[in-house]
Amino acid sequence: MQYFLNGLPIGAIYALVALSYSLIYAASGVLNWSQGDMVMLGAYLGFTLFQLLNLGFTPALFISMAFVACVGVLVQYFILRPLRERKAPPINVVIATLGVAIITRNIALVIWGPDAQIFSSPVSAKPITLGALSITPQDILIVTVGIGLMLVLQYFLKKTREGKALRAVAQDRYGAILMGIDTQRSDGVAFAASAALGAAAGILVAPIFFVTFNMGAGIGLKGFVAAVIGGLGYIPGAIAGGFFLGIVEAIAGGKISSGYRDAITFALLILVLWLKPSGLFLRKTRQKV
Amino acid sequence: MLVVEGIKASYGHTEVLHGVSFTAEEGKITTLIGANGAGKTTTLNCIAGVIKPQEGRILWKGQDITTLKPSQIVRMGISLIPEGRHVFPQMTVAENLEMGAYTRKDKEGVRRDLEWVLELFPVLKTRYKQLAGTMSGGEQQMLAVGRSLMANPELMLMDEPSMGLAPIIVQEVFKVIHQIKEMGKTILLVEQNATMALNHAHHAYVIELGKIVLSGSGRELLQNPEVEKAYLGL
Ligand SMILES: Nc1ncnc2c1ncn2[C@@H]1O[C@H](COP(=O)(O)OP(=O)(O)OP(=O)(O)O)[C@@H](O)[C@H]1O
Ligand SMILES: [Mg+2]
């Protein structure tokens with residue numbers, strides 16, 4: 001039970017990153033490898049706004065999310081759109097997003113330098129004990145904000161005009177075009193929302209890990225594994241996959257050794273790809289957003 | 001009036017439309033019949049702006065729409081009901097209909113149109129909250145037509161609406177097409193079910209290998225021996 005609790009905050013973070021992969025994949029069929037670096041950008045911006053400029057945690061969160069969302073739109077507009085228009089093969093698009101990842105990483109290196117930054121938690125990291133269980137206010141903050149953002153995403157996808165258009169494009173791109181939906185625009189919306197989710201994950205994870213220019217690689221990969229476990233492109237699956245991975249890692253780290261944690265993650269990935277490539281949580285055929 | 005003038009279109013380096021020309025008169029049913037691969041779907045996609053012809057022009061009510069984007073063409077009152085329906089499977093009937101009205105701003109008009117679409121298709125009313133992907137082929141076809149009507153189009157392009165449906169459902173589809181025409185809408189109907197199409201059409205064209213080879217009133221083509229041999233003698 002304690003391991004379960006320990007796995008929740010990191011699970012929430014994985015879920016946010018997994019969502020960012022799945023949303024773009026569902027909406028535009030692109031595997032965006034710069035997603036992890038949007039996490040890193042979010043963490044750095046949050047660090048700058050919260051730590052250096054002394055803004056509150058909430059404004060720092062929203063401003064970084066908005067800023068990184070703009071970065072996402074720029075990536076879609078200047079990288080993905082021209083490739084799309086030239087009907088570039090998917091592998092070229094994937095390589096282009098890898099390029100974006102490397103450039104982002106280097107820009108961060110230039111701006112914030114090579115040293116790891118410490119993001120001090122906005123709330124206490126001292127555990128509160130409830131009987132045999134303990135949880136820190138920081139963990140509670142991460143899980144609450146994480147779940148809050150997932151609810152906002154659900155609302156956006158189910159209730160707003162822009163969100164419904166995004167789902168339509170994800171479910172039938174040709175059908176959506178015939179309805180007069182501008183797919184370039186919906187791609188832009190997907191990139192913006194995904195980048196914002198990544199940025200939020202970055203700020204939430206920052207107090208747990210150090211903030212470094214190459215932190216995106218690790219967390220990006222974990223988020224991707226979570227997305228695949230849940231079924232890439234399947235929104236509820238991304239959430240379930242994120243929490244599942246977080247909890248499995250906490251149990252593995254506690255029961256076996258934290259040194260094996262990453263090995264277990266990737267063993268899990270291989271197992272899922274081998275036994276059930278559509279993801280653990282997808283029952284019917286292809287189901288999307 | 002819809003005027004298609006000498007359009008040529010290709011996939012990659014293969015030209016599949018070699019100068020297709022025809023017209024569709026307002027308030028009438030015009031049909032385009034032809035065998036598999038003749039270029040019917042490609043032609044409709046050109047009109048809807050999904051495929052850009054390399055040559056030729058497409059005019060709607062005197063305005064050149066050849067280079068417009070699909071979203072602009074929808075806003076001009078042209079809606080394509082695609083081959084294979086392309087409804088949104090994980091959305092409810094209600095949401096699908098709502099997406100049909102995506103480009104519209106007149107809330108009052110949308111509400112009115114929704115009311116009569118549900119009247120025209122009672123099945124959509126009973127399945128209002130059902131996911132489109134779980135409905136039968138016939139129901140999905142009705143949804144595709146209803147969704148297109150939600151755009152309040154003046155010109156409806158229909159690509160094989162009877163495909164894969166049981167004969168009794170096909171009858172129903174054609175009844176609906178007639179009702180829609182009665183409302184003053186212009187219909188361009190592509191069909192492989194040539195007998196049905198010719199029976200209902202004012203004017204008909206036969207397309208073969210990317211070219212219009214015959215035209216006439218529906219009745220004329222029904223009695224044309226060549227048409228009979230190639231398309232009706234089933
Ligand atoms: N996406 C595509 N890529 C390459 N070639 C295509 C594509 N779509 C259609 N074609 C080719 O273009 C030609 C015309 O196809 P089109 O779909 O317009 O025919 P159709 O008359 O609608 O046929 P059907 O009755 O089978 O629907 C065919 O030779 C087809 O093979
Ligand atoms: Mg066709």
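Residue numbers restart at each chain and count upward from 1, following the sequence in its written direction. Chains carry letters and ligands carry numbers; both start at the beginning, A for chains and 1 for ligands, and go up in the order they are written. Totals for whole chains, interfaces and linings use all residues, but because this is a predicted model, local features are given only for residues with pLDDT of at least 70 and pairs of side-chain atoms are given and counted only at 80 or more. By convention in this description, side-chain values take in all heavy atoms of the structure and omit both hydrogens and water.

Peer 1: Help me understand the site of ligand 1 in this model?
Peer 2: Residues and elements named next belong to chain B. Surveying the vicinity of ligand 1 reveals 13 residues, the closest of which are N36, G37, K40, T41 and T42. Polar contacts, as counted here, are pairs of nitrogen or oxygen atoms within 3.5 Å of one another; within protein the pair requires one atom able to donate a hydrogen and one able to accept it, and residues that are adjacent in sequence qualify only if both atoms are side-chain atoms. Here an oxygen atom of ligand 1 and a backbone polar atom of G39 are 2.9 Å apart. Between an oxygen atom of ligand 1 and a side-chain N or O atom of E83, the distance comes to 3.1 Å. For ligand 1, whose unbound accessible area comes to 630 Å², protein coverage reaches 59%. Residues are labelled near a given molecule or strand when at least one of their non-hydrogen atoms is within 4 Å of it. All accessible-area figures derive from a Shrake-Rupley calculation using a 1.4 Å probe, and residue coverage is judged against the displayed protein chains alone.

Peer 1: I tried to follow the layout of surface pockets on my own but got confused; where do I start?
Peer 2: Think of a ball as big as a water molecule: rolled over the atoms, this probe shows where empty space is left. Think of a 1 Å grid over the protein atoms and nothing else: a 1.4 Å probe that fits but is trapped marks a cavity, an open set flanked by protein within 12 Å on at least five of seven lines marks a pocket, and residues with an atom within 4 Å of a point count as lining. Grid points are joined across faces, edges and corners, and a volume is the space filled by probe spheres set on the points. Taken as a whole, the largest pocket spans an internal volume of roughly 850 Å³. Considering the residues around the largest pocket, the lining is formed by 19 residues, among which K87, I177, T183 and Q184 of chain A together with V50 of chain B are closest to the centre. Secondary-structure elements contributing two or more residues to the lining of the largest pocket are α3 (57-85), α7 (173-178) and α8 (183-205) of chain A together with β1 (2-11) and α2 (70-75) of chain B. All amino acids are sorted into three groups, where Ala, Val, Leu, Ile, Met, Phe, Trp, Tyr, Cys and Pro are nonpolar, Asp, Glu, Lys and Arg are charged, and the leftover types, Gly among them, are polar. In the lining of the largest pocket, the residues fall into 6 nonpolar, 6 polar and 7 charged. Counting from the N terminus, the helices are the DSSP runs of H or I reaching at least four residues and the strands are the DSSP runs of E reaching at least two.

Peer 1: Whenever I open this one, the interface of chain B and chain A confuses me. Can you help?
Peer 2: Interface size is often expressed as the accessible area that is lost when the parts come together. The contact definition used throughout considers only heavy atoms, calling two residues in contact when any of these lie within 4.5 Å. Across the boundary between the two partners, chain B contributes 23 residues, which contact 21 residues of chain A. Together, the buried faces of chain B and chain A total about 2100 Å²; carbon and sulfur atoms form 57% of this surface. Looking only at chain B, the three residues that lose the most surface to chain A are F88, Q90 and Y102 of chain B, adding up to 33% of its buried area. Here a salt bridge means any side-chain nitrogen of Lys or Arg lying within 4 Å of a carboxyl oxygen belonging to Asp or Glu. Between chain B and chain A we count 2 salt bridges in total. For K164 of chain A, the salt bridge goes to E98 of chain B, with nearest N and O atoms at 2.7 Å. What gets called buried area is simply the loss in accessible area from a 1.4 Å probe that two parts show on being joined, summed for both.

Peer 1: What is the right way to read empty space enclosed by the protein from this model?
Peer 2: Under the counting rule described, the total for this entry stands at 2 cavities of 30 Å³ or more. Around the largest cavity, the lining residues are I177 and L178 of chain A together with A48, P70, I73, V74, I78, S79, L80 and L157 of chain B. Elements that contribute at least two residues to the lining of the largest cavity include exactly α7 of chain A together with α2 and β6 (78-81) of chain B. A per-class count over the lining of the largest cavity returns 9 nonpolar, 1 polar and no charged. As a volume, the second largest cavity reaches approximately 30 Å³. Along the walls of the second largest cavity sit P82, E83, G84, R85, Q141, D159, E160 and M163 of chain B, which together make up its complete lining.

Peer 1: Before we go on, may I ask you to explain the packing of aromatic side chains in this structure?
Peer 2: In this description, a pair of aromatic rings is defined by centroid distance and the angle of the planes. Between rings of Phe, Tyr and Trp, where Trp is taken as its six-membered ring, a pair exists when centres lie within 6.5 Å; planes separated by under 30 degrees are stacked, by over 60 edge-to-face, and by other angles tilted. Tallied over the entire structure, the rule returns 8 aromatic pairs over all chains. When the ring of F50 of chain A is compared with that of F119 of chain A, the centres are 5.4 Å apart and the planes differ by 10°; the resulting orientation is stacked. Residue F50 of chain A is found in helix α2 (residues 35-52), and its partner F119 of chain A is found in the loop between α4 (90-112) and β1 (128-130); the two are separated by 69 residues along the sequence. With a centroid separation of 5.5 Å and an interplanar angle of 50°, the aromatic rings of F22 of chain B and Y205 of chain B are classed as tilted. Taken together, the positions of F22 of chain B in strand β2 (residues 14-24) and Y205 of chain B in strand β9 (residues 203-208) put the pair 183 residues apart, joining distant regions of the chain. Assigned by exposure class, F22 of chain B and Y205 of chain B land together as buried. By the ring-pair criterion, three or more aromatic residues cluster together here, those being Y21, W33 and F224 of chain A. For a ring to carry a charge above it, either NZ of a lysine or CZ of an arginine must fall within 6 Å of the ring centroid while also lying within 35 degrees of the normal to the ring plane. The ring of Y102 of chain B carries the charged tip of R161 of chain A above its face, separated from the ring centre by 4.0 Å. Residue placement shows R147 of chain B over the ring face of F88 of chain B; its charged tip is 4.9 Å from the ring centre. For every residue, the accessible area obtained with a 1.4 Å probe (protein chains only) is divided by the maximum for its type, and the residue is called buried under 20%, exposed over 50%, and partly exposed between those limits.

Peer 1: What is the right way to look at the confidence of the model for chain B in this model?
Peer 2: Fine structural detail should not be taken from predicted coordinates in areas where pLDDT scores are low. On average, residues of chain B carry a pLDDT of 93, and 99% of them reach 70 or more. Here the predicted complex carries an ipTM of 0.94, next to a pTM of 0.90. pLDDT is a residue-level measure of predictor confidence that goes from 0 to 100.

Peer 1: Sorry if this is basic, but what is going on with the pairing of strand β8 (residues 186-191) of chain B here?
Peer 2: Regular strands show a simple pattern: their side chains alternate between the two faces of the sheet. Residue and element names in this part refer to chain B. Within β8, 6 of the 6 residues are buried, which leaves it mostly tucked inside the rest of the structure. Taking every second residue as pointing to the same face, both faces of β8 are buried, with T186, L188 and V190 on one and I187, L189 and E191 on the other. In the sheet, strand β3 (residues 29-33) pairs with β8 via 5 bridges, with the strands oriented parallel. Note that in β8 the partner of T30 across the bridge is L188. Two strands are counted as paired when DSSP detects at least two bridges linking them.

Peer 1: Just to check I follow, could you spell out the coordination of the magnesium ion (ligand 2) for this structure?
Peer 2: By definition of the ideal shapes, four donors in a tetrahedron about a metal sit 109.5 degrees apart, and six donors in an octahedron sit 90 or 180 degrees apart. Residues and elements named next belong to chain B. Only nitrogen, oxygen and sulfur atoms count as donors, using a 2.8 Å cut-off from the metal that widens to 3.2 Å for Na, K and Ca. Water is left out, so coordination shells may look unfilled. Only T41 (OG1) and E83 (OE) from the protein coordinate the magnesium ion (ligand 2), and they sit 1.9 to 2.2 Å from it. Pair noted here: T41 is in helix α1 (residues 40-47) and E83 is in the loop between β6 and α3 (93-100), with a separation of 42 residues, a long-range link. Owing to a relative accessible area of 24%, T41 belongs among the partly exposed residues under this scheme.

Peer 1: How do you make sense of the nonpolar core when you look at a structure like this?
Peer 2: Soluble globular proteins: nonpolar side chains tend toward being buried together. We define the nonpolar core as a collection of buried residues of types Ala, Val, Leu, Ile, Met, Phe, Trp, Tyr and Cys that are connected through side-chain atoms lying within 4.5 Å of one another. By size, the foremost hydrophobic cluster in this structure holds 86 residues, and its most contacted members are L16, L19 and F119 of chain A. With 15 residues, helix α1 (residues 2-28) of chain A is the single largest residue contributor to this core. In terms of nonpolar packing, the next biggest core, distinct from the first, is built from 42 residues, V117, A144, M196 and V206 of chain B among them.

Peer 1: I tried to follow the pattern of salt bridges on my own but got confused; where do I start?
Peer 2: It is possible for side chains of opposite charge to pair when their charged atoms get near one another. Enumeration over the complete set of coordinates arrives at 19 salt bridges over all chains. The closest approach of N and O atoms between E95 of chain B and R167 of chain A, which form a salt bridge, is 3.1 Å. One end of the pair, E95 of chain B, is in helix α3; the other, R167 of chain A, is in helix α6 (residues 161-171), on a second chain. With a shortest N-O distance of 3.2 Å, K181 of chain B and E182 of chain B are connected by a salt bridge. For K181 of chain B, a relative accessible area of 14% translates into the label buried. One network of salt bridges, with partners in common, ties together R84, R173 and D187 of chain A.

Peer 1: How should I be thinking about the packing of α3 of chain A against α4 of chain A in this particular structure?
Peer 2: In a packed pair of helices, the relevant descriptors are the angle between the two axes and the axis-to-axis distance. Residue and element names in this part refer to chain A. At their nearest, the axes of α3 and α4 sit 10 Å apart, and the two run at 155° to each other. By the angle between their directions, the pair α3 and α4 is classed as roughly antiparallel. When the axes of α3 and α4 are compared, the crossing they make is right-handed. Contacts between α3 and α4 involve V75, I79, L80 and L83 from the former and N92, V93, A96 and V100 from the latter. Along the lines of polarity and charge, the residues of the contact of α3 with α4 split into 7 nonpolar, 1 polar and no charged. Between the N-to-C directions of two axes lies an angle of 0 to 180 degrees, each axis being a line fitted to C-alpha atoms and, for a helix, fitted only over the stretch in contact. Each angle receives one of four descriptions, namely roughly parallel if under 35 degrees, roughly antiparallel if over 145, roughly perpendicular if within 65 to 115, and oblique otherwise. Helix crossings get a hand from a simple test, with the near helix turned counterclockwise from the far one by less than a right angle marking a left-handed crossing and a clockwise turn marking a right-handed one.

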